[in-house]
Structure formats: structure tokens, C-alpha cells
Amino acid sequence: MQFFDYNTFLIDLGILLRIVVVIVLAGFLGWERESSGKAAGFRTHMLVGIGSVLFVAIGEIFVTNYRQYDENMRFDPIRIIEAIVTGISFIGAGIVFVARDKGIVKNLTTAASIWTTSAIGMIVGLQRYFLAFISTIIIFAVLRLLSYLEIKGTSSE
């Protein structure tokens with residue numbers, strides 16, 4: 001095995017580009033949550049997006065590097081998606097607060113924004129930048145603009 005492989009370096013640069021893209025997109029969503037005074041903000045959303053990109057990239061690397069062992073190994077990229085969704089759902093569940101005596105649920109929208117940020121990360125990981133950009137704008141609109149339409153007192157935040 002050689003110390004420096006130019007092709008691997010180029011692949012890694014491509015993955016780093018994906019990380020830069022998701023930092024901007026996930027950071028935008030995290031900024032919205034943080035500026036609204038919610039539980040998970042800028043850094044959390046960025047880390048969720050970066051992690052999602054890296055997990056998708058790891059799956060891509062495994063499939064590419066070990067394709068010659070196809071008869072002995074099965075590759076199922078859907079399992080990566082399942083693992084990301086399960087892990088992020090666990091994190092989201094951790095920030096949801098329920099006050100049973102008052103019938104209030106807090107941070108549900110923030111948990112959902114973390115969950116959708118992981119999807120943005122997976123889309124960026126698959127290099128679908130246009131879809132990721134437009135989806136980020138739509139998610140931002142849902143978080144910021146539709147909050148004005150909510151009936152106060154029944155909010156999930």
C-alpha cells in the first residue's frame with residue numbers, strides 16, 4: 001500500500017466539498033433554530049449534517065473499494081440510511097420535553113429539524129446539491145415563515 005494515492009486524494013477532496021456544502025446548508029437551518037431560541041442550534045445542525053455526509057461517503061467508499069469481493073460480501077446502502085435515521089431519531093427524542101401535568105410538548109419542531117437536517121446531509125453525501133439547496137430553503141420556510149401561522153399556546157415548541 002502506498003502512502004499517497006492521487007485518486008484517493010481527489011475522492012477525499014470531493015467528500016470535503018460535500019462537507020463544506022452541508023456546513024452552509026445545515027448551518028443555515030441551525031441558525032434559524034438558534035435565533036428562535038430553541039434547544040438545538042447552529043453547531044448541532046452542522047454536526048448532524050456533517051455526520052450524515054460522512055456516513056454516506058463511508059458507504060460509498062466501502063462499495064467502491066470492496067466491489068471485487070461482491071460474491072462474499074453484500075452491500076446494502078439502505079442500511080446506512082436506516083442507521084442514520086435511527087441514530088438521529090434517538091438524539092431528537094432526547095431533546096423533546098413533555099410536561100404531562102400541563103399537557104405541553106416542547107422542542108418537537110427542533111427535533112424534526114435535526115431529523116430533516118440529517119436528510120439534507122444524506123442528499124449532499126449523494127452529491128445532489130440542487131435538491132439539497134432547494135430542500136433547505138423549503139425547510140427554512142417551514143421553520144421560520146409558518147411559525148407565524150401557528151396558533152399560540154398549542155405550539156410544539
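Refer to the structure presented above.
Calculation criteria
Residues numbered from 1 in each chain as written. Predicted model: local features only at pLDDT ≥ 70, side-chain atom pairs only at ≥ 80, totals over all residues. Heavy atoms only, no water. Patch = residues over 30% accessible without salt bridge, like charges linked within 9 Å, V, L, I, M, F, W, Y side chains within 5 Å. Areas by Shrake-Rupley, 256 points an atom, 1.4 Å probe, with all protein chains shown as cover. Salt bridge = Lys/Arg side-chain N within 4 Å of Asp/Glu carboxyl O. Helix = DSSP H or I, 4+ residues; strand = E, 2+ residues; numbered from the N terminus. Phe/Tyr/Trp six-rings, centres within 6.5 Å; stacked < 30°, edge-to-face > 60°. Buried < 20%, exposed > 50% of the residue type's maximum accessible area, 1.4 Å probe, protein only. Core = buried A, V, L, I, M, F, W, Y, C linked by side-chain atoms within 4.5 Å. Contact = heavy atoms within 4.5 Å. Polar contact = N/O pair within 3.5 Å; in protein donor to acceptor, adjacent residues only side chain to side chain. Axes fitted to C-alpha atoms, helices over the stretch in contact; angles between N-to-C directions. Parallel < 35°, antiparallel > 145°, perpendicular 65-115°, else oblique. Left-handed = near helix turned anticlockwise from the far one by under 90°. Nonpolar A, V, L, I, M, F, W, Y, C, P; charged D, E, K, R; others polar.

1. Considering a nonpolar patch on the surface
Thinking step 1. Judged by side-chain polarity, F130, F133, I134, I137, I138, V142, L146 and L149 come together as a nonpolar surface patch covering roughly 800 Å² of accessible area.
Thinking step 2. Looking at the secondary structure, you find F133 in helix α5 (residues 129-144).

2. Some points on the packing of aromatic side chains
Thinking step 1. Scanning all chains against the criterion turns up four aromatic pairs.
Thinking step 2. Considering the side-chain rings of F4 and F9, the 5.6 Å spacing of their centres and the 45° angle between planes classify their relative orientation as tilted.
Thinking step 3. Since its relative accessible area comes to 36%, F9 is described here as partly exposed.
Thinking step 4. On the basis of an interplanar angle of 15° and a centroid distance of 6.3 Å, the ring pair of W31 and F140 is categorised as stacked. Here F140 lies in helix α5 and W31 lies in helix α1 (residues 6-35), a separation of 109 residues in the sequence.
Thinking step 5. Assessed through its relative accessible area of 42%, W31 is described here as partly exposed.

3. Here we look at the nonpolar core
Thinking step 1. By size, the foremost hydrophobic cluster in this structure holds 15 residues, and its most contacted members are V22, I120 and V124.
Thinking step 2. Of all elements in the fold, only α1, α2 (42-65), α4 (108-125) and α5 reach the threshold of two or more residues within this core.
Thinking step 3. Examining the composition of this core, we find that six residues originate from one element, α1, more than from any other.
Thinking step 4. For V22, the residues in contact, after removing those within four places along its chain, are G27, G49, I50, V53, I120, G121 and V124.

4. Side note on the side chain of R144
Thinking step 1. Mapped onto the secondary structure, R144 falls in helix α5.
Thinking step 2. A distance of 2.5 Å separates the side chain of R144 from the side chain of S35, its partner in a polar contact.
Thinking step 3. Excluding residues within four positions of it along the chain, R144 makes contact with W31, E32, S35 and S36.

5. Considerations on the packing of α2 against α4
Thinking step 1. Their axes nearest at 7 Å, the elements α2 and α4 cross at an angle of 40°. In this view, α2 runs oblique relative to α4, as classed from their interaxial angle. Seen along the crossing, α2 lies across α4 with a hand that is right-handed. Facing α2, whose interface residues are T44, H45, V48, G49, S52, V53, V56 and E60, α4 presents S113, I114, T117, S118, G121, M122, V124 and G125.
Thinking step 2. When grouped by side-chain class, the residues that make up the contact of α2 with α4 number six nonpolar, nine polar and one charged.

Any functional reading would require information that these geometric values do not contain.
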